Structure formats: structure tokens, C-alpha cells
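Chain by chain, the residues run as shown.
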Amino acid sequence: MNRIALVDHGAGNLVSIGQGLERAGARVHLVASPDDLDGAAGIVLPGVGSAAAAYRRLDAAGLVEPLRATDLPLLGICVGFQLLFEGSDEHEGGGLGLIPGRVRKMSATPRLPHIGWNDVTVIRRDPLLDGIASGDVFYFVHSYAPIPESADDVVARSDYGAPFVAAARRGGAVGVQFHPERSGDAGLRILANFVSTCREAVRVA
């Protein structure tokens, strides 16, 4: 299969994510400019820390518009998931706008940031969650969570004092608030499912 593009904007668990994708049979290459997207079968947008800083780095690299316009399968992880939305309470800048909705600071929580393992409830079946059951646990590190405009875009939820969206999809853009690369076998299954989606997209193209 063609390569999977792993976006390097200076804040992501690139080594662990890359290893997980390669374990699933992908060839991974790092992306730091629009030209690096050429020949990719899919894109992974990771992120840790500040969404504002991540967006600024994407913009400075000229990657915002290519990511907005791509028709490739795109997986956002943690902050990368939040960047798929139209905007965030964390900063004044926008997002990629691939999933309508906004990222809000979590409330009614025991403490922030939310760090640790939480079970996830599957809301609707999705290729990314193939083989994942409600009650499977994943590792989270975040203080903000997206609120999709349409409930139809919600794929999975979790709960930390109050329910929040753990995964969402609109078209080819899908994201997870947790870190699959730090979530054991269940997380590796998520990455393998994305690799399968990219392989299928190449096959039918």
C-alpha cells in the first residue's frame, strides 16, 4: 500500500504512533510541508499540549489549507482531533473545520487535566472502532473536548465527571480524544483499523 503521512508539527508522540502504524503494515513518512503529502494513502494528525500552538505551527508550515482540502482518510489524535473542528475556547484562532462544532473546556470534572485510563462507550459502529467494545479502556490526557454540532457525528463517548465526546467522524475525517499509541492492544487495534481504511481507499480509487 502507499504510505501514511504522519504530520510533524512539533508536538506529538510521533515515534509511538509511527511504530503502531508500521506494526499494522503501513509505511510511515513524516510530513512537515504540503509537498510531503504527495503519494500518501492517509494522514494522521497527532498532537499534545496546546491546540493554539499546534494550529500556529500547521499554519506556518502551509499545511492548514491542504489538510482542509484533502480527500484522503484523516485521523486526528488528541489535540489533532480537536483541530478537526471549527474552533476552540482555548485560543482565538480557528480549526480545520472538517467536523462542524467547537472545542470547549471540560466542566464538572474532579480535576484538570484529565489524565488516565477511562472506559469508552461506542455510540455507533464505525470502521475505526472495528473490534472495539463498549467498556474498553483508553488513555486520556486533556482539559478540552469537542462538542460536534451534529450528534450524528459522534462515534464514542466517555465520562469524567460529565459525559464527553471520545471519538467523532464526518466523512473521511475521524478523530479520537484518547491516545491510541498509549492504550495497549485496544489502541493498536484503532491504528490498525485506520491502516485498513487507507488500504481500502487505495483499492477502490
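Predicted model, so just to flag it, every value in this text is computed and none were measured.

Cut-offs and rules
- Residues numbered from 1 in each chain as written.
- Predicted model: local features only at pLDDT ≥ 70, side-chain atom pairs only at ≥ 80, totals over all residues.
- Heavy atoms only, no water.
- Core = buried A, V, L, I, M, F, W, Y, C linked by side-chain atoms within 4.5 Å.
- Buried < 20%, exposed > 50% of the residue type's maximum accessible area, 1.4 Å probe, protein only.
- Helix = DSSP H or I, 4+ residues; strand = E, 2+ residues; numbered from the N terminus.
- Contact = heavy atoms within 4.5 Å.
- Salt bridge = Lys/Arg side-chain N within 4 Å of Asp/Glu carboxyl O.
- Pairing = 2+ DSSP bridges.
- Axes fitted to C-alpha atoms, helices over the stretch in contact; angles between N-to-C directions.
- Phe/Tyr/Trp six-rings, centres within 6.5 Å; stacked < 30°, edge-to-face > 60°.
- Polar contact = N/O pair within 3.5 Å; in protein donor to acceptor, adjacent residues only side chain to side chain.

Asks: Would you mind going over the nonpolar core in detail, with residue names and values included?
Replies: Ranked by size, the top nonpolar core spans 35 residues in total, and within it Ile4, Leu21, Val44, Leu75, Ile77, Phe138 and Phe178 carry the most contacts. Among the elements that line this core, the one with the most residues is helix H5 (residues 184–204), at 6 residues. Dropping the residues within four chain positions of it, Phe178 is found in contact with Ile77, Cys78, Val120, Phe138, Tyr139, Phe140, Ala166 and Ile190. If you look at the next biggest cluster of nonpolar residues, it comprises 29 residues, including Ala51, Tyr55, Leu63 and Val154.

Asks: Just give me the short version of the pattern of salt bridges, but keep the residues and values in it.
Replies: Summed over all chains, the structure comprises 6 salt bridges. Between Arg68 and Glu65 there is a salt bridge, with its nearest N and O atoms 2.7 Å apart. With Arg68 and Glu65 both in helix H3 (residues 64–69) and 3 residues apart, the pair spans about one turn of that helix. We note a salt bridge from Arg170 to Asp153, for which the minimum N-O separation is 2.9 Å. One end of the pair, Arg170, is in strand E13 (residues 163–170); the other, Asp153, is in the loop between strand E11 (144–148) and strand E12 (154–159), with 17 residues separating them in the sequence. Classification of Arg170 as partly exposed rests on a relative accessible area of 36%. Through salt bridges with shared partners, a single network forms among Asp89, Arg102 and Arg104.

Asks: Go over the sheet that holds strand E5 (residues 85–88), please, and point to the residues and values.
Replies: Across the sheet, 4 strands lie side by side as E6-E5-E7-E11; this open sheet has mixed pairing. The strands lining the two open edges of the sheet, one partner per strand, are strand E6 (91–94) and E11. Ignoring which end each strand starts from, the neighbouring axes of this sheet average 25° apart. In the sheet, E5 pairs with strand E7 (residues 99–105) via 3 bridges, with the strands oriented parallel. Note that in E7 the partner of Phe85 across the bridge is Ile99.

Asks: Can you break down the packing of aromatic side chains residue by residue, with the values?
Replies: Counted by the stated rule, this structure contains 5 aromatic pairs. Between Phe81 and Phe85, the ring centres sit 5.4 Å apart and the planes meet at 75°, which makes this aromatic pair edge-to-face. Taken as a pair, Phe81 and Phe85 share a single burial class, namely buried. A connected cluster of aromatic rings, assembled from ring pairs, spans Phe138, Phe140, Phe164 and Phe178.

Asks: So, the pairing of E6: which residues are in play, and what are the values?
Replies: Looking at chain direction, E5 and E6 are connected through 2 bridges and run antiparallel. Counted as the bridge partner of Gly87 is Gly94 from E6. The turn joining E5 and E6, which pair antiparallel and follow one another in sequence, is formed by 2 residues.

Asks: Explain the environment of Ala201 residue by residue, including any values.
Replies: Relative to the helices and strands, Ala201 is located in helix H5. Between the C-alpha atoms of Ala201 and Gly42, which are 159 residues apart in sequence, the distance is 8.7 Å.

Asks: Quick rundown of the side chain of His142? Include the residues and the values.
Replies: Take His142: it is sitting in strand E10 (residues 137–142). Looking at His142, its side chain comes within polar contact range of the main-chain oxygen of Tyr144, at 2.9 Å.

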